[in-house]
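Coordinates in review
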Amino acid sequence: MRFSSRFRLEAISLFAVALLAACGGGGGGSSGSTSTSSAPVGNASGNNNAQTPPATQLAGSVTLLPAAATPTTLPSASGNATADGIAYVNAMRQTVGLPALASDAGLTAASLDHATYLVDNQTYGHDETAGLPGYTGATPQARIAAEGNYSAYGEVVVAGQPAAFPNSVTPVQTLFDAPYHRIVMLDDFQSMGTGTSANASWEAFNIDFGNEANAMPTTAVVTYPYAGQKGVPTSWFANESPNPFANATQYELTTVGYPVTIQSGFAGTLNALNFTITDASGNNVPCLAQTPQTDPDELTNGALCVPYQPLASNATYQVHVTGVLTNGSQNNVIDVAWSFSTGVATVSNEAQPGAPANRPLPLF
């Protein structure tokens, strides 16, 4: 049976002051490579020649940003994807210990304009082509800057056939489960604008983010799944642009384990990271890491590790991340560990079986 992804997601986050791409957009994700190389065993390291600063330069230790004592309730599908998207993002942010984002009129206008463009042209991605219906700016930077002066900005977007979206929460949930997109959605932004557009043959959901909140302590990191989280999905269908499996393409368009992410505030840089995931018996769970060293074009203050195989249901996992968090001239030791528990076996961004061969892959 042939499986196809149901969406196309694109993520881009730019720190405008420094012009750093924290999570870049781009195509791909539809090739379905069948390379036969095997998954590596052991710990997943993303240091790739990164140099750990000498101990004399290390100023202190990094801590986990405390999650809320009680998780914020996620929205039920109301039929309004825009409202559900705002509620979902803010619920997730508050649960992991970040402030909610204010809705911004300029970002909302830019977001809705782009969603409309994607539907008008039945296409995907961040970029627009001058002369096509609904064109308002070639890039997210251009569209957002036209609406106001934002010190930082980012965009995540998903588009595809309406059948790909079972309910009005699906678009935002699909974006959040994808690790590169999640990092953008949990970045230290101040505001956001959400836009949705749909017709009988196409649907698009877009979120634009703007301005720095400076809410993240310089020695703290945010993780997801967060410490003590329960009911985490066991699996994720790997079809994301940027592609977490760009250097292990045999896992692209397959069901893998649920992604783990870690990130600092905008000003931070993660160096010499090493991920270890173990089950309750201490067995290593191999995962593929993407860090600012392995993927410098897309990551600066965030990193991710995606298990090669689905996690077990109703099981507890321990994550241990080491490295260095650099803020300006200050280097702080990262040596954080936390655990989370899965729920029943579930696949986020589940593949759709039997899609017509001529159907354009709705990637995200």
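The structure this text deals with has already been given above.
Our subject in this report is the structure included herewith. (Residues numbered from 1 in each chain as written. Predicted model: local features only at pLDDT ≥ 70, side-chain atom pairs only at ≥ 80, totals over all residues. Heavy atoms only, no water.)

**Examining helix 2 (residues 105–121)**
Across its 17 residues, helix 2 extends 24 Å between first and last C-alpha, which sits within 8% of the 24 Å expected from 1.5 Å per residue. Regarding helix 2, the residues found buried are Gly106, Leu107, Ala110, Ser111, His114, Ala115, Tyr117, Leu118 and Val119. Close packing links the buried residues of helix 2 with helix 3 (140–145), strand 8 (153–160), strand 9 (189–198) and strand 10 (203–212). The opening residue of helix 2, the one whose side-chain oxygen lies 3.0 Å from the backbone nitrogen of glycine 106, is aspartate 104. Just beyond helix 2, the residue with positive phi is glutamine 122, at close to 45 degrees. (Helix = DSSP H or I, 4+ residues; strand = E, 2+ residues; numbered from the N terminus. Expected span 1.5 Å × (residues − 1). Buried < 20%, exposed > 50% of the residue type's maximum accessible area, 1.4 Å probe, protein only. Contact = heavy atoms within 4.5 Å. Polar contact = N/O pair within 3.5 Å; in protein donor to acceptor, adjacent residues only side chain to side chain.)

**Some points on the state of the cysteines**
In a disulfide, the sulfur atoms of two cysteines are held together by a covalent bond. Enumeration according to the criterion identifies one disulfide in this entry. The disulfide partner of cysteine 287 is cysteine 305, and the S-S distance across this bridge is 2.2 Å. Around the S-S axis, the bridge from cysteine 287 to cysteine 305 shows a dihedral of about 85 degrees and counts as right-handed. Pair noted here: cysteine 287 is in strand 16 (residues 287–290) and cysteine 305 is in strand 17 (residues 302–307), with a separation of 18 residues, a long-range link. Since its relative accessible area comes to 5%, cysteine 287 is described here as buried. In this structure cysteine 305 comes out as buried when scored by relative accessible area, which is 0%. (Disulfide = S-S within 2.5 Å.)

**Let's talk about the packing of aromatic side chains**
Taken as a whole and judged by the stated rule, the model has ten aromatic pairs. Ring plane angle 90 degrees and centroid distance 4.9 Å describe the contact between phenylalanine 176 and tyrosine 224, whose orientation is recorded as edge-to-face. You can see phenylalanine 176 sitting in helix 4 (residues 170–177) and its partner tyrosine 224 sitting in strand 11 (residues 220–224), a full 48 residues away along the chain. On the basis of relative accessible area, phenylalanine 176 is assigned to the buried category, the value being 1%. Residue classification places tyrosine 224 among the buried positions, given a relative accessible area of 5%. Centre to centre, the rings of phenylalanine 189 and phenylalanine 209 are 5.2 Å apart; their planes meet at 20 degrees, and the pair counts as stacked. Of this pair, phenylalanine 189 sits in strand 9 while phenylalanine 209 sits in strand 10, placing them 20 residues apart in sequence. We classify phenylalanine 189 as buried; its relative accessible area is 0%. (Phe/Tyr/Trp six-rings, centres within 6.5 Å; stacked < 30°, edge-to-face > 60°.)

**Some points on helix 1 (residues 81–96)**
Over its 16 residues, helix 1 runs 22 Å from end to end, which matches the ideal 22 Å to within 8%, given 1.5 Å per residue. Of all the positions in helix 1, only Ala81, Asp84, Gly85, Tyr88, Val89, Asn90, Ala91, Met92, Arg93, Thr95 and Val96 are classed as buried. Contacts from the buried residues of helix 1 go to helix 4, helix 5 (179–185), strand 9, strand 10 and strand 11. The N-capping residue of helix 1, defined by a side-chain oxygen 3.1 Å from the backbone nitrogen of threonine 82, is asparagine 80. Positive backbone phi, approximately 105 degrees, marks glycine 97, located one or two places after helix 1.

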